Structures are given as structure tokens and as C-alpha cells.
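Descriptive structure summary
Residues per chain are reported as follows:
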Amino acid sequence: MLQIGSLKVGMQLNVIVNDTIPKRALFIAIFCIHISFIVAIELAIRYFNIDGVHSDRLMTYLESPLELLFVVTVLAPIVEEIAFRYALVKSNYSYLGLLFGVVFAFVANFNSYLFVLMMLLNVLAFIVFRFSNKKILPKIFLVSYVLIFAISHSSNYTVASLQELPVYALVIQFFPQMVLGMVLTYIRLSSKMFLNVIMYHALYNLVFVGLALMQL
């Protein structure tokens, strides 16, 4: 009996290991490809001398490196992931995630159109979870959250600085956030641990800010 019990435990451990290692390897591979892609975009921007603007918030935080590190690797990943991706998957607390998203849109001083869109999207998400058996929001919701996530980063810049850019430069300016939103959404849907999304976001922010600082 002891041998059978130990055999079952061993089999369970093997299943856990076999399920965990490939996912970790996949996440590491995604991160490396993602960062390489962002670096390639930055190099292309420099090579073709494409117009761009530096984040006004980043310039402010340069006066306090520790504050910058805390905001980039702790505060921003936690707050943004709860607001934009926690409620993508139905759970006992998904409604709180939707409510937090509305509060975040208000506190982050979204422009009126973006705020209304965030409100509407979260109300519709609540209806979907409340009156259907869906465990994951429909694709149109996932795409919408990615778009709002990318556009919401416009608050890092002054309106005047963005208005000076041509349309193609604006697209390039926010393209990295668009790609990040898609990658984080994939990780949220494919991983049972919400912490994985936060950790990925934190590592990305650290690398992205490092690249931005190199251009100053």
C-alpha cells in the first residue's frame, strides 16, 4: 500500500513538473521574442529618424530613481493588470476587477471618450458574466481592452507634444503598448496564476524604461 501511495504521489509530481516547465519555457521564449521585437522597433526609429516624444512622467521621475523603480516594477504593473486584465476571466472576484477598472479610469484622468468607453465595456462585461455561462470574455472585449490599455498611456505625454506628431509617428509611439497588451492578455488567459501577468509586466517595464533612458 505504501508503495502504491508513493507511486501515485510520484506520478502527480511528474504531471506538475511536466505542466509547469513547458509553460515557464514558453513564457521566457515569449519575453525574449517580445523584447527583441521592441528593440528592433527602437533601432528602426533611430535609423529612419522617425519623430517621437519622451514621456513627461518619466522625465519627472528621473529626479527620484527609487520612486521610478517602484512605479515601474510594482505600482504600475499591479494597478494596470487589475484594471485591464483581472476580469477577463470569470472568478469570484471578477466583478471587483471590473469596478476597479472604472475607478482606475476615473483616477487616471482618462479623457471623456476613453472614460465612457471603459465604463461601457465594464458594464457589458458584467452583464456577460452575470447572465451567461462564459468563463472568458468574448474576443471583441479582449481586443477593446487592449486598445484602451494602449491609448490610456497617452496620459504619459502632454497633449501639445502628441499633436506635433504625424499620424504614422503616433501609431509607432503607441505600438509597443499595443503589442504588450496582446501579450499580457495571452498570458492572462493561458496562465492560472494572475501573478504571472504582473511579473511579466514588471520585467517588460524595467527593460522598456531602460531603453527609453538610453535615448535621453
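Rules used throughout
Residues numbered from 1 in each chain as written. Predicted model: local features only at pLDDT ≥ 70, side-chain atom pairs only at ≥ 80, totals over all residues. Heavy atoms only, no water. Core = buried A, V, L, I, M, F, W, Y, C linked by side-chain atoms within 4.5 Å. Buried < 20%, exposed > 50% of the residue type's maximum accessible area, 1.4 Å probe, protein only. Helix = DSSP H or I, 4+ residues; strand = E, 2+ residues; numbered from the N terminus. Phe/Tyr/Trp six-rings, centres within 6.5 Å; stacked < 30°, edge-to-face > 60°. Lys NZ or Arg CZ within 6 Å of the ring centre and 35° of its normal. Expected span 1.5 Å × (residues − 1). Bend = angle between axes of the 7 residues up to and from the residue. Contact = heavy atoms within 4.5 Å. Patch = residues over 30% accessible without salt bridge, like charges linked within 9 Å, V, L, I, M, F, W, Y side chains within 5 Å. Areas by Shrake-Rupley, 256 points an atom, 1.4 Å probe, with all protein chains shown as cover. Salt bridge = Lys/Arg side-chain N within 4 Å of Asp/Glu carboxyl O. pLDDT = per-residue confidence, 0-100.

Attention now goes to the nonpolar core. Grouped together as the largest cluster of nonpolar side chains are 41 residues, with contacts concentrated most on Phe84, Phe104, Phe110, Leu137, Tyr145, Ile148 and Tyr200. Only α1 (2-47), α3 (65-84), α4 (94-107), α5 (112-131), α6 (139-152), α8 (167-190) and α9 (194-214) provide two or more residues apiece to this core. No other element matches α1, which puts seven residues into this core.

Turning to the packing of aromatic side chains, a few remarks are in order. The final tally for this structure, using the stated rule, is nine aromatic pairs. Ring centres 5.7 Å apart and planes at 80° place the aromatic pair Phe84 and Phe104 in the edge-to-face group. Of this pair, Phe84 sits in helix α3 while Phe104 sits in helix α4, placing them 20 residues apart in sequence. Here Phe104 and Phe110 contribute two aromatic rings whose centre-to-centre distance is 5.8 Å and whose plane-to-plane angle is 85°, an arrangement assigned as edge-to-face. With respect to class, Phe104 is no different from Phe110; both count as buried. In this structure, Arg85 is placed above the aromatic ring of Phe149, and the distance from its NZ or CZ to the ring centre is 4.4 Å.

As a further point, take α8. If you check α8, its first and last C-alpha atoms are 34 Å apart, about what 24 residues at 1.5 Å a residue would give, namely 34 Å. The largest bend in α8 is about 40°, located at Phe174, with the proline Pro176 one to four residues further on.

This paragraph deals with α6. Compared with an ideal rise of 1.5 Å per residue, which puts 14 residues at 20 Å, α6 spans 20 Å between its outermost C-alpha atoms and is within 8% of the ideal. All of the buried residues in α6 are Phe141, Leu142, Ser144, Tyr145, Val146, Ile148, Phe149, Ala150 and Ser152. Looking at the packing, one finds that the buried side of α6 touches α3, α4, α5, α8 and α9.

Right, let's talk about the side chain of Thr185 for a bit. Position of Thr185 among the secondary structure elements: in helix α8. Contact partners of Thr185, with chain neighbours within four places excluded, come to Arg85, Leu88, Leu142 and Val146.

Relative to the helices and strands, Val179 resides in helix α8. Taking the C-alpha atoms as reference points, Val179 and His34, separated by 145 residues in sequence, lie 8.3 Å from one another. Leave out the neighbours within four places in its chain, and Val179 touches His34 and Phe37.

Structurally, Glu42 is set in helix α1. Using a relative accessible area of 14% as the deciding quantity, one classes Glu42 as buried. Expressed as a C-alpha distance, the spacing of Glu42 and Ile172, which sit 130 residues apart in the sequence, is 9.7 Å.

A grouping of Tyr93, Leu96, Leu99, Val103, Phe106 and Val107 is seen on the molecular surface, where their side chains present a nonpolar patch of about 690 Å² in accessible area. Relative to the elements of secondary structure, Tyr93 occurs in the loop between α3 and α4.

In this section: the confidence of the model for the protein chain. As a general rule, the predicted coordinates of low-pLDDT regions are not to be interpreted in detail. In the predicted model, the protein chain carries a mean pLDDT of 83, and 83% of its residues have values of at least 70. The least confident element of the protein chain, judged by mean pLDDT, is helix α2 (residues 56-61) at 66; the most confident is α6 at 95. Predicted confidence for residues 1-20 stays below pLDDT 50, and this span has one contact to residues more than four positions away or in other chains.

Here we take up the environment of Tyr204. Here Tyr204 lies in helix α9. Taking the C-alpha atoms as reference points, Tyr204 and Phe31, separated by 173 residues in sequence, lie 8.0 Å from one another.

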